[in-house]
Amino acid sequence: MCGSVSIQFYSPKNITAYSPQKYDCQYCMQRCIDYLSDPLGQISLASCSPFLEEKQGFGQATFLLCPSCQGVVAVGYIGKDFSVGSLNATHLNEVDKVQRNVVVSPKALDRTEKITRWRELWSEILVVVKC
Ligand SMILES: [Zn+2]
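Peer 1: So what's going on with the overall build of the chain? Which residues, and what values?
Peer 2: Within the chain, the regular secondary structure consists of two helices and 10 strands. The C-alpha atoms of the chain give 14 Å as radius of gyration, which agrees with the globular expectation for 131 residues (14 Å, within 12%). C-alpha extents for the chain along the principal axes are approximately 40 × 30 × 30 Å. Accessible surface, the chain: about 7400 Å² in total, of which carbon and sulfur atoms supply 48%.

Peer 1: Describe in detail the state of the cysteines, supporting the description with residues and values.
Peer 2: For the coordinates displayed, the defined rule picks out one disulfide. Cys48 shares a disulfide with Cys131; S-S distance 2.2 Å. With Cys48 in the loop between strand S4 (42-47) and strand S5 (52-55) and Cys131 in the segment after strand S10 (123-129), this pair connects stretches of sequence that are 83 residues apart. The exposure class assigned to Cys48 is partly exposed, which follows from its relative accessible area of 46%.

Peer 1: Could you give an account of the coordination of the zinc ion, naming the residues involved and the relevant values?
Peer 2: Coordination of the zinc ion by the protein involves Cys2 (SG), Cys66 (SG) and Cys69 (SG), with metal-donor separations of 2.2 to 2.3 Å. In the primary structure, the donors to the zinc ion are separated according to the pattern C-x63-C-x2-C. Here Cys2 is found in the segment before strand S1 (5-10), whereas its partner Cys66 is found in the loop between strand S6 (62-65) and strand S7 (72-78), with 64 residues between them in sequence. In this structure Cys2 comes out as partly exposed when scored by relative accessible area, which is 43%. Judged by relative accessible area, which is 0%, Cys66 ranks as buried.

Peer 1: Account for the nonpolar core, with residues named and values stated.
Peer 2: Grouped together as the largest cluster of nonpolar side chains are 18 residues, with contacts concentrated most on Ile7, Phe9, Leu36, Leu45, Val73, Leu87 and Leu92. Secondary structure elements with two or more residues in this core: S1, S4 and S7. Among the elements that take part in this core, S1 stands out by supplying three residues, more than any other. Val73 has contacts with Met1, Val5, Ile7, Leu45, Phe51, Leu64, Leu65, Cys66, Leu87, Asn88 and His91, leaving out every residue within four places of it along the chain. Ranked by size, the runner-up nonpolar core spans 16 residues in total, among them Cys28, Tyr77, Phe82 and Val104.

Peer 1: Quick rundown of the pattern of salt bridges? Include the residues and the values.
Peer 2: Side chains bearing opposite charge may pair, as long as their charged atoms lie close to each other. Inspection of the entire model under this criterion finds two salt bridges. The salt bridge partner of Lys22 is Asp34, with a shortest N-O separation of 3.2 Å. Of this pair, Lys22 sits in strand S2 (residues 21-23) while Asp34 sits in the loop between helix H1 (26-30) and strand S3 (35-36); the two residues are 12 residues apart in sequence, bridging distant segments of the chain. Each member of the pair, Lys22 as well as Asp34, carries the same accessibility label: buried. A salt bridge links Lys97 to Glu94; the nearest nitrogen and oxygen atoms lie 3.2 Å apart. Judged by its relative accessible area of 42%, Lys97 is partly exposed. Residue Glu94 is classed as partly exposed on the basis of its relative accessible area of 37%.

How each quantity is defined
- Residues numbered from 1 in each chain as written.
- Predicted model: local features only at pLDDT ≥ 70, side-chain atom pairs only at ≥ 80, totals over all residues.
- Heavy atoms only, no water.
- Helix = DSSP H or I, 4+ residues; strand = E, 2+ residues; numbered from the N terminus.
- Rg over C-alpha atoms; globule rule 2.2 N^0.38 Å.
- Areas by Shrake-Rupley, 256 points an atom, 1.4 Å probe, with all protein chains shown as cover.
- Disulfide = S-S within 2.5 Å.
- Buried < 20%, exposed > 50% of the residue type's maximum accessible area, 1.4 Å probe, protein only.
- Donors = N, O, S within 2.8 Å, 3.2 Å for Na, K, Ca; no water.
- Core = buried A, V, L, I, M, F, W, Y, C linked by side-chain atoms within 4.5 Å.
- Contact = heavy atoms within 4.5 Å.
- Salt bridge = Lys/Arg side-chain N within 4 Å of Asp/Glu carboxyl O.

This is the structure in C-alpha cells:
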C-alpha cells in the first residue's frame, strides 16, 4: 500500500492468536487478500480522500479501496442498524505475526446466511474521511 490510508485494528487478543481468512472467490484470490476480524474488536480506517468502493456477488458487501493505489483495504457490510467489516491483513505492519490463513467459501452461503455470518465474525468498522 502507498501509505495514504491509515489502518487500525483494535483487537481483544494478541495479533499472534489470529488466523486470517482467505475467501475462495475470484475477486479475493486474484488480489491475494487475507481477511482479519474479531467480533469483539474494532477496525478504524482513515483517509484524506473518500475510499473507492467496489461491489461483488450479490452486491451486499462493499470492498473499500485505497483512493490512491486502489489496493483493497477492507470489506464491509454497511447496514441500517450496524456496520461490520474485515480488514485486509496483508496491509498490517504485524502481518508476519498472524497464523496461517484458513480458506473459506462464502459463495456457498445465501444472502441471509452471509449477513448473519458477517455479524458473527466481522468487527465493528469505522471509516473516517478527513485530513
Ligand atoms: Zn494506497
